[in-house]
Amino acid sequence: DKAPLSKSLLLVPSAISILLTLLFQHYQKFFAYNLQAIKEDFQFWRLVCGRTICLDLKDTFCSSLLIYNFRIFERRYGSRKFASFLLGAWMLSALFDLLLVEIAQYIFGITINSLPSGFLGPVFALFVPFYSSIPRVQVAQVLGHFSITNKTLVYILGLQLLTSGSYIWILALSGLVSGICYNSSILKVHRILCVPSWVAKIFSWTLEPIFSSAEPTNEFRVGMGATVDIQRQQRMELLDRQIMMSQVAQMRRQRQQQGGMINWNRLFPPLRHRHNANYQDHRPSEQDTPPPTEVSEEQVARLMEMGFSRGDALEALRASNNDLNVATNFLLQH
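Given the structure is predicted, the values throughout are model-derived calculations rather than measurements.

**Student:** Go over the packing of helix H4 (residues 57–69) against helix H9 (residues 152–162), please, and point to the residues and values.
**Tutor:** Between two packed helices, both the angle of their axes relative to each other and the distance between the axes serve to describe the pair. Direction vectors running N to C along H4 and H9 enclose 150°, while the axes themselves pass 10 Å from each other. Overall, the two elements H4 and H9 adopt an arrangement that is roughly antiparallel. Like other packed secondary-structure pairs, H4 and H9 cross with a definite hand, here left-handed. Taking contact as the criterion, the partners of Asp 59, Cys 62, Leu 65, Leu 66 and Asn 69 in H4 are, on H9, Val 154, Leu 157, Gly 158, Gln 160 and Leu 161.

If you want it as structure tokens, here you go:
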């Protein structure tokens with residue numbers, strides 16, 4: 001939904017790649033990214049065909065999954081701005097491909113006549129805004145030290161795509177450099193390499209109705225989040241707040257029925273007498289009595305907004321050494 005360009009890039013090149021691999025293998029030579037033919041025979045059309053369709057199904061599968069994950073940028077920026085980024089990254093990466101091949105030949109003496117085919121440069125370029133603008137949301141933790149986030153799978157797919165060919169590192173490096181140039185507005189390339197408004201209107205009238213999808217109805221709509229991950233996190237936070245407020249209301253009703261203040265001596269004896277390791281039941285002397293802890297009025301106000309009285313909030317914060325989380329937990333649990 002709201003990503004027709006991503007859907008077209010996911011379906012059309014993948015379908016052509018499968019057809020070329022299974023049925024029309026004799027036409028694969030027209031989609032080879034042959035640099036020697038481009039430089040010596042001036043077959044510049046290979047810059048279009050060779051940098052659009054993958055001839056390796058593994059590359060097709062990995063790039064398709066990455067495009068599916070990167071559809072969040074089209075939802076965030078709009079189809080025209082997303083198409084402008086892909087166009088700019090595609091053109092810049094073509095230039096950097098030729099430069100990196102010449103540099104590799106000059107420094108290392110490596111002669112590279114062809115590179116892996118496909119829409120790989122812009123795909124690697126999308127890792128730049130993905131790294132800088134998509135927030136990390138921890139999903140799980142492995143062995144207590146390694147965090148699994150919502151971005152881990154995307155990086156694993158990029159690593160798998162990077163190791164699928166011998167010279168694909170050139171495409172990855174040129175894509176990353178072009179993504180940095182476009183994303184950081186170096187030399188104002190985002191203003192030069194952009195899709196004109198009239199072209200965007202033509203494609204919105206012709207192709208968008210074909211690749212557009214109906215809005216899903218099985219998910220609760222949240223209008224604040226810019227991405228699906230942010231919306232899910234907001235739903236979880238909203239549910240946590242609702243549970244907390246219901247617990248607060250329940251505890252207020254219980255205290256009203258009991259008609260008394262909370263027995264803080266029962267709840268916080270180790271906290272209030274932490275300074276004396278050999279604590280006994282007798283009353284401590286005035287010399288051993290610690291000075292009263294200064295309580296932040298801001299934290300008192302936050303607890304009062306949750307429905308607790310000022311006296312309970314002050315006692316909880318003093319007993320917990322001004323720790324708002326500990327005070328809140330004790331107020332909710334007792």
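There's plenty left to go through after this.
**Student:** Could you give an account of the environment of Val 189, with specific residues and numbers?
**Tutor:** Checked against the element boundaries, Val 189 lands in helix H11 (residues 189–192). Considering only alpha carbons, one finds Val 189 and Leu 92, 97 residues apart in sequence, at a separation of 9.3 Å. Not counting the four nearest positions on each side in its chain, Val 189 is found in contact with Leu 92, Cys 181 and Tyr 182.

**Student:** Go over the pattern of salt bridges, please, and point to the residues and values.
**Tutor:** Counted by the stated rule, this structure contains four salt bridges. One salt bridge in this structure joins Glu 102 and Lys 39, with 3.2 Å as the shortest N-O distance. Here Glu 102, found in helix H6 (residues 79–107), pairs with Lys 39, found in helix H2 (residues 35–40); they are 63 residues apart in sequence, far enough to count as distant. For Glu 102, a relative accessible area of 39% corresponds to the partly exposed category. For Lys 39, a relative accessible area of 39% corresponds to the partly exposed category. Taking the shortest distance from any N to any O, the salt bridge between Asp 56 and Lys 58 comes out at 3.3 Å.

**Student:** Can you lay out empty space enclosed by the protein for me, pointing to particular residues and giving the numbers?
**Tutor:** Under the criterion given, the structure shown has three cavities of 30 Å³ or more. Counted as a void, the largest cavity has a volume near 100 Å³. Lining the largest cavity are 13 residues, and of these Pro 13, Thr 52, Cys 54, Ser 63 and Phe 119 lie nearest its centre. Elements represented by at least two residues in the lining of the largest cavity include exactly helix H1 (4–22) and H4. The residue makeup of the lining of the largest cavity, split by class, is seven nonpolar, six polar and no charged.

**Student:** Give me the lowdown on the nonpolar core, citing residues and values where you can.
**Tutor:** By size, the foremost hydrophobic cluster in this structure holds 44 residues, and its most contacted members are Leu 66, Phe 70, Phe 73, Leu 115 and Leu 161. At the level of elements, H2, H4, helix H5 (71–77), H6, helix H7 (120–125), helix H8 (127–133), H9 and helix H10 (168–183) are the ones that each hand at least two residues to this core. In this structure Phe 70 touches Phe 82, Val 123, Leu 126, Phe 127, Phe 130 and Val 154, once residues within four positions along its chain are discounted.

Quick notes on the rules
- Residues numbered from 1 in each chain as written.
- Predicted model: local features only at pLDDT ≥ 70, side-chain atom pairs only at ≥ 80, totals over all residues.
- Heavy atoms only, no water.
- Axes fitted to C-alpha atoms, helices over the stretch in contact; angles between N-to-C directions.
- Helix = DSSP H or I, 4+ residues; strand = E, 2+ residues; numbered from the N terminus.
- Parallel < 35°, antiparallel > 145°, perpendicular 65-115°, else oblique.
- Left-handed = near helix turned anticlockwise from the far one by under 90°.
- Contact = heavy atoms within 4.5 Å.
- Salt bridge = Lys/Arg side-chain N within 4 Å of Asp/Glu carboxyl O.
- Buried < 20%, exposed > 50% of the residue type's maximum accessible area, 1.4 Å probe, protein only.
- 1 Å grid on protein atoms, 1.4 Å probe; cavity = no way out; pocket = protein on both sides within 12 Å on 5 of 7 lines; lining within 4 Å.
- Points joined across faces, edges and corners; volume = space filled by probe spheres on them.
- Nonpolar A, V, L, I, M, F, W, Y, C, P; charged D, E, K, R; others polar.
- Core = buried A, V, L, I, M, F, W, Y, C linked by side-chain atoms within 4.5 Å.

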